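Given next are the chains, with one letter for each unit.
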Amino acid sequence: MKKQQRLIMRTIVLLLLLAGVGYTIYSNFFTEKERVKVGSTAPDFVLTDLSGKEHRLSDYRGKGVFLNFWGTWCKPCEKEMPYINSQYGVYKKQGVEVLAVNVGEPKLSVQKFADRFGLTFPIMIDREDQVMNAYDVDRLPATFLIDKNGKVKKIITGTMTEEMVKQYMESIKP
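First, a word on scope: everything that follows refers to the structure included in this document.

What counts, and at which threshold
- In every chain, residue numbers begin from 1 and rise along the written sequence.
- Local features in a predicted model are, by the rule used here, given only for residues with pLDDT of at least 70; side-chain atom pairs are given and counted only at 80 or more, and totals for whole chains, interfaces and linings are based on all residues.
- Calculated side-chain values reflect all of the structure's heavy atoms, with hydrogen atoms and water omitted.
- Relative accessibility decides the category of a residue: with a 1.4 Å probe and only protein chains considered, values under 20% of the type maximum give buried, values over 50% give exposed, and everything between is partly exposed.
- Numbered from the N terminus, helices here are DSSP runs of H or I no shorter than four residues, and strands are runs of E no shorter than two.
- Strands pair, by our definition, only if DSSP identifies at least two bridges between them.
- With its strands directed away from the observer, a crossover is right-handed exactly when the path from the first strand over the helix to the second travels clockwise.
- Contacts were defined at the residue level, with two residues in contact if any of their heavy atoms lie within 4.5 Å.
- The definition of a polar contact used here is a pair of N or O atoms within 3.5 Å, where within protein one atom must be able to donate a hydrogen and the other to accept one, and adjacent residues in sequence count solely through side-chain atom pairs.
- Take the buried residues of types Ala, Val, Leu, Ile, Met, Phe, Trp, Tyr and Cys, join any two whose side-chain atoms come within 4.5 Å, and each joined set is a nonpolar core.

1. Focus: the pairing of strand S3 (residues 64-70)
Regular strands show a simple pattern: their side chains alternate between the two faces of the sheet.
And step 1. In terms of burial, S3 is largely enclosed, as seven of its seven residues are buried.
And step 2. Of the two faces of S3, the one holding Gly 64, Phe 66, Asn 68 and Trp 70 and the one holding Val 65, Leu 67 and Phe 69 are both buried throughout.
And step 3. Two elements, S3 and strand S4 (residues 96-102), share seven bridges in a ladder whose sense is parallel. Of the residues in S4, the one forming a bridge with Val 65 is Glu 97.
And step 4. Taken together, S3, helix H2 (residues 75-91) and S4 constitute a β-α-β crossover, and its handedness is right-handed.
And step 5. Of the strand pairs in this sheet, S3 and strand S6 (residues 142-146) are connected by five bridges, and their pairing is antiparallel. Following the sheet pairing, Phe 69 is matched in S6 by Ala 142.

Following this line, the structure appears as structure tokens:
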């Protein structure tokens, strides 16, 4: 009797595992993933910054959001960070918020980088790449300009000059 119960339990567990694997394969290969594109609503997310404060994208409705994906090892990211920080000082008072999303590096590395450049905008770490995947980011740096209504106005990949950063922030001012 006990052998039969164990066999039934093992069969149920195996079926559940197979169902989970089947669903994962189906959802990854056979469902259309909506790409974030200009004009679409920016996917909402919640991430915690280096000081422990939670940031929810939807809480920034009414402001322009300069959403930047970056890494400490990324030389173009390193080059544009001071420009973003400089313009943030100007545009924050005008309703533009910078949200910098690091792509899953250790907090200590990210904090050292932020300290080295004196960065003053919120920096969050996307530990499981959920936000990066939601925005379909495959190259760094990547920046999404989001208007006051939560719509993506422009997607920029590659290094920006300070003048470009200024123009982009100007374009999403509420």
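After presenting the structure, the write-up continues.
2. Observations regarding the environment of Asp 44
And step 1. Structurally, Asp 44 can be placed in the loop between helix H1 (2-29) and strand S1 (46-48).
And step 2. A sequence separation of 13 residues divides Asp 44 from Leu 57, and the C-alpha atoms of the two residues are 5.4 Å apart.
And step 3. Filtering out sequence-adjacent residues up to four positions away, Asp 44 remains in contact with Arg 56, Leu 57 and Ser 58.
And step 4. Within the local environment of Asp 44, its side chain forms a polar contact with the side chain of Ser 58, the two groups lying 2.8 Å apart.

3. Remarks on the nonpolar core
And step 1. If you look at the biggest cluster of nonpolar residues, it comprises 26 residues, and the most contacted ones within it are Phe 66, Trp 70, Ile 84, Phe 121, Ile 123 and Met 169.
And step 2. Mapped by element, the contributors of at least two residues to this core are S3, H2, S4, helix H3 (107-117), strand S5 (123-125) and helix H5 (162-171).
And step 3. With five residues, H2 is the single largest residue contributor to this core.
And step 4. Residues in contact with Ile 84, not counting those within four places in the same chain, are Phe 66, Asn 68, Val 98, Phe 121, Met 160, Val 165 and Met 169.
And step 5. One finds Ala 42, Leu 47, Tyr 60 and Ile 146 within the second-largest nonpolar core, a separate group that totals 21 residues.

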